[in-house]
Amino acid sequence: MKRAAVVGAGLAGCEAAWQLARRGVPVDLIEMKPRLRTPAHESPLFAELVCSNSLKSNALTNASGLLKEEMRRVGSLIMQAADATRVPAGGALAVDRGLFARYVTDALAGCPSVRIVSEEVCSLPDAPAIIATGPLTSPALSDAIAALPGLERLYFFDAAAPIVTGESIDRTRAFEAARYDKGDGDYLNCPMTEAEYDAFIGELLCAETAPVHGFEEDRLYEGCMPVESIARRGRLALAYGPMRPVGLIDPRAGRRPFAVVQLRRENAEGTLWNLVGFQTRLRFGEQKRVFGMIPGLERAEFARYGVMHRNTYLHSPSILNERFEARGYRGLYFAGQITGVEGYLPSAASGLIAGISLARDMLALAQVVFPGCTALGALGRYVSSPNKDYQPMGIQYGLIDTPEPRIRNKRLRAERVAERSLETIENIRRALEEEIT
Ligand SMILES: Cc1cc2nc3c(=O)[nH]c(=O)nc-3n(C[C@H](O)[C@H](O)[C@H](O)COP(=O)(O)OP(=O)(O)OC[C@H]3O[C@@H](n4cnc5c(N)ncnc54)[C@H](O)[C@@H]3O)c2cc1C
């Protein structure tokens, strides 16, 4: 049998390679690390989480939680790794990023039908292939993709939040608590009085930002809006956004603070903490100065500063079908953030669909299409449906078929969506598993 090429060993590429390999298809997994790295990747390992260590909600009544459960049921490697390396994070599924990446890397390295190739791919490989090179696809490959008729690129800007070391956080000021007591000391909270908040916003607004080539504010994705951009919307924009104090009581003051900066555990040991929602493009020196005004972070040591980067993605609706295969290029698939799905899990999910679909092509099996009543199917439908103003998108209920008759209560509706989706996934799982060698 021909070997399938999977280019890029990120969240999508690893999941795709795993799905091919477990169906007995020989795979070349081609990754340019560790020789070459994008501006955001640091580790030599596969499936690197470049910013937050959170994979979002784990609850079935949340679209992201539902997507996770569907992926678990159809044998996702990324979900297996996430469940095995999770760290406490309230209702969210957060992982120890080092252990997570190690788990995925070892699983693929130990897979007899996977051959790992360490090189940069600079031109489109022949089919059968899956391109999963992510939002920071290397320029040579990016140009090669754009040169193919119909494969126009788009882009927007994304930003990552800083990470500080646990020992440098002043615990006499920061307090442990999760919102509404969901979880057990999973977050540290730096409380601010109104005067401290105003002084902080004042400095944030006049802090110097790093120049980003071609940067335009309207090319920012709302979910990744830098704190300084949110602050420009109005004095209380942050207090109602990432710094909202709802569900938190400062035990020393005995009341809700005016505003809060939350720090989320990056690893099980609690040696690294992420400033939640504090994506930024401030210059590094300015991050130290301005974020040092946050009570508890006066002497914070930055393990990583926040950065802003360009995000490259295809206009998928005019290029891809719902299985992530390029129309008119048989056997050539795309997966991950380059297709316009947004976030770690949706990227892995698209890799799962592309991997299963390419394997079935190669094994001459009838295709399986995940229907729109499932989160997996909703993603495939989103990327492939006509859409002039196509924007990157994570998974959300708005994309999944609404149950009929319509249920007014939001929670009951979410429960019904989950129930219906998991019944459907169970049937698909059975059909898929029967054919696994
Ligand atoms: C700075 C930054 C912060 C982010 N923050 C978050 C966040 O907090 N939460 C979230 O959910 N998502 C975040 N994202 C989005 C995140 O990148 C995606 O969710 C996810 O990593 C995409 O998975 P992927 O597999 O498509 O790409 P990636 O995980 O980026 O993997 C792509 C792989 O392809 C390799 N590669 C690139 N070009 C080539 C080539 N020519 N040849 C061979 N290999 C190549 C890269 O080295 C990389 O290993 C962030 C992205 C960036 C850049």
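Take the overall build of the protein next. When helices and strands are counted, the protein shows 11 helices and 16 strands. Its C-alpha atoms give the protein a radius of gyration of 22 Å, within 12% of the compact-globule value 22 Å for 437 residues. Structurally, the protein occupies a C-alpha span of about 65 × 50 × 45 Å along its principal axes. Burial statistics for the protein: of 437 residues in total, 49% are counted as buried. Contacts in the protein between residues far apart in sequence, at least 24 positions, make up 73% of those at least 6 positions apart.

Of note, the amide linkage connecting Ala-127 to Pro-128 takes the cis form, showing an omega dihedral of 0 degrees. Assignment of secondary structure puts Pro-128 in the loop between strand E6 (114-118) and strand E7 (129-131). Here the phi dihedral of Phe-324 falls at roughly 75 degrees; this positive angle occurs in a residue that is not glycine. One can find Phe-324 in the loop between strand E15 (307-314) and strand E16 (332-334). The class of Phe-324 is buried, set by 31 C-beta atoms lying within 10 Å.

This paragraph deals with the sheet that holds strand E12 (residues 259-265). Taking strand neighbours across the sheet as the criterion, the six strands line up as E10-E11-E12-E13-E9-E14 in an open arrangement whose pairing is antiparallel. The outermost strands of the open sheet, each flanked by one partner alone, are strand E10 (175-176) and strand E14 (302-304). Bridge analysis of E12 against strand E13 (residues 272-275) gives three bridges, and the strand direction is antiparallel. Bridge assignment links Arg-265 to a residue of E13, and that residue is Trp-273.

Around the ligand lies a shell of 37 residues, among which Gly-8, Gly-10, Cys-51, Gly-134 and Gly-336 are the nearest. Every element with two or more residues in the shell around the ligand is listed here: helix H1 (11-21), strand E2 (27-31), strand E8 (153-160), E15 and helix H9 (344-362). Top element by residues in the shell around the ligand is H1. It accounts for three residues. Residues belonging to the shell around the ligand are distributed by class as follows: 18 nonpolar, 15 polar and four charged.

The two faces of E13 match: Leu-272 and Asn-274 on one face and Trp-273 and Leu-275 on the other face are all buried. Here three bridges tie strand E9 (residues 163-165) to E13, and the two strands are oriented antiparallel to one another. For Thr-165, the partnering residue across the bridge sits in E13 and is Leu-272. Between E12 and E13, which pair antiparallel in sequence order, lie six residues; one of them, Gly-270, sits at a positive phi of approximately 75 degrees.

In this structure, Val-6, Cys-14, Ala-17, Ile-78, Val-104 and Ile-130 are the most contacted members of the largest nonpolar core, which totals 136 residues. Looking at which element gives the most residues to this core, the answer is H9, with 11 residues. For this core, the domains that each give at least three residues are domain 1 (4-152 + 315-434) and domain 2 (160-309). The contacts of Val-6, once residues within four sequence positions are left out, are Gly-13, Ala-16, Ala-17, Val-27, Leu-29, Ile-30, Ile-130 and Ala-132.

To continue, consider helix H11 (residues 410-434). Over its 25 residues, H11 runs 36 Å from end to end, which matches the ideal 36 Å to within 8%, given 1.5 Å per residue. Ala-414, Val-417, Ala-418, Ser-421, Ile-425, Ile-428 and Leu-432 are the residues of H11 that are buried. For H11, the elements touching its buried residues are helix H2 (63-73), H9 and helix H10 (375-384).

This part is about the domain arrangement of the protein. Assigned domains within the protein: domain 1 (4-152 + 315-434) and domain 2 (160-309). A straight line from the C-alpha centre of domain 1 to that of domain 2 covers 30 Å. Residue-level contacts link 18 residues of domain 1 with 16 residues of domain 2. Each residue belonging to the side of domain 1 that touches domain 2 can be placed in one class, and the counts come to 10 nonpolar, six polar and two charged.

On to the environment of Val-121. Mapping Val-121 onto the fold places it in the loop between E6 and E7. With 10 residues separating them in the primary sequence, Val-121 and Ile-131 have C-alpha atoms 9.8 Å apart.

Turning our eyes to something else, we now look at the sheet that holds strand E4 (residues 86-87). With antiparallel pairing, the three strands of this open sheet are ordered in space as E3-E5-E4. The two strands at the open ends of the sheet, each matched to only one other strand, are strand E3 (54-57) and E4. Bridge count for E4 against strand E5 (residues 92-95) is two bridges, and the pairing is antiparallel. Bridge pairing in E5 places Val-87 opposite Ala-94.

On to helix H8 (residues 284-291). Listed as buried for H8 are Glu-286, Gln-287, Val-290 and Phe-291. Viewed end-on, H8 has its buried residues packed into an arc of 105 degrees, placing them on one side of the element. Where H8 is buried, its residues contact helix H6 (194-206), E13 and E14.

All right, on to the environment of Glu-426 then. Relative to the elements of secondary structure, Glu-426 occurs in helix H11. Of the residues examined, Glu-426 has 12 C-beta atoms within 10 Å and is grouped as exposed. Taking the C-alpha atoms as reference points, Glu-426 and Arg-73, separated by 353 residues in sequence, lie 7.4 Å from one another.

Here we take up the packing of helix H3 (residues 77-84) against helix H4 (residues 97-109). Each pair of packed helices gets described by two things: the angle between the helix axes and the distance between those axes. Running from amino to carboxyl end, H3 crosses H4 at an angle of 135 degrees, the nearest separation of the two axes being 9 Å. For the element pair H3 / H4, the angle class is oblique. You can see that H3 and H4 cross each other, and the crossing is right-handed. The residues of H4 that touch H3, namely those facing Leu-77, Ile-78, Ala-81, Ala-82 and Ala-84, are Phe-100, Tyr-103, Val-104 and Ala-107.

The rules behind each value
Within every chain, residues take consecutive numbers counted from 1 along the sequence as written. pLDDT decides what is reported in this predicted model: residues at 70 or higher carry local features, side-chain atom pairs at 80 or more are listed and counted, and totals for whole chains, interfaces and linings draw on all residues regardless. Runs of E in the DSSP output that reach at least two residues are strands. Runs of H or I that reach at least four are helices, and both are numbered from the N terminus. The quantity called the radius of gyration is restricted to C-alpha atoms. Its globule counterpart is 2.2 Å times the number of residues to the power 0.38. Neighbour counting defines burial: a residue surrounded by 20 or more other C-beta atoms within 10 Å of its own C-beta is buried, one with 12 or fewer is exposed, and intermediate counts give partly exposed, using backbone-placed C-beta atoms. For the purpose of contact definition, each residue receives a C-beta atom placed from its backbone, and two residues are in contact when these atoms lie within 7 Å. A pair of strands counts as paired when DSSP detects no fewer than two bridges linking them. Put plainly, near means the residue's C-beta atom, positioned from the backbone, lies within 6 Å of the molecule or strand in question. Any residue outside Ala, Val, Leu, Ile, Met, Phe, Trp, Tyr, Cys, Pro, Asp, Glu, Lys and Arg is labelled polar, Gly included; the first ten of those are nonpolar and the last four are charged. Any nonpolar core is a set of buried residues, restricted to Ala, Val, Leu, Ile, Met, Phe, Trp, Tyr and Cys, that join up through C-beta atoms within 7 Å. For the purposes of this description, domain bounds are those given by an automatic or database domain assignment. Here the expected length of a helix is defined as 1.5 Å per residue gap, with one fewer gap than residues. It is the directions from the helix axis to the C-beta atoms that the arc portrays. Every axis corresponds to a line fitted to the C-alpha atoms, with the helix fit spanning only the stretch in contact, and the corresponding angles, defined between N-to-C directions, vary from 0 to 180 degrees. Convention used here: angles under 35 degrees read as roughly parallel, angles over 145 as roughly antiparallel, angles from 65 to 115 as roughly perpendicular, and any remaining angle as oblique. Left-handed describes a crossing whose near helix is turned anticlockwise from the far helix through less than a right angle; right-handed describes the clockwise counterpart.

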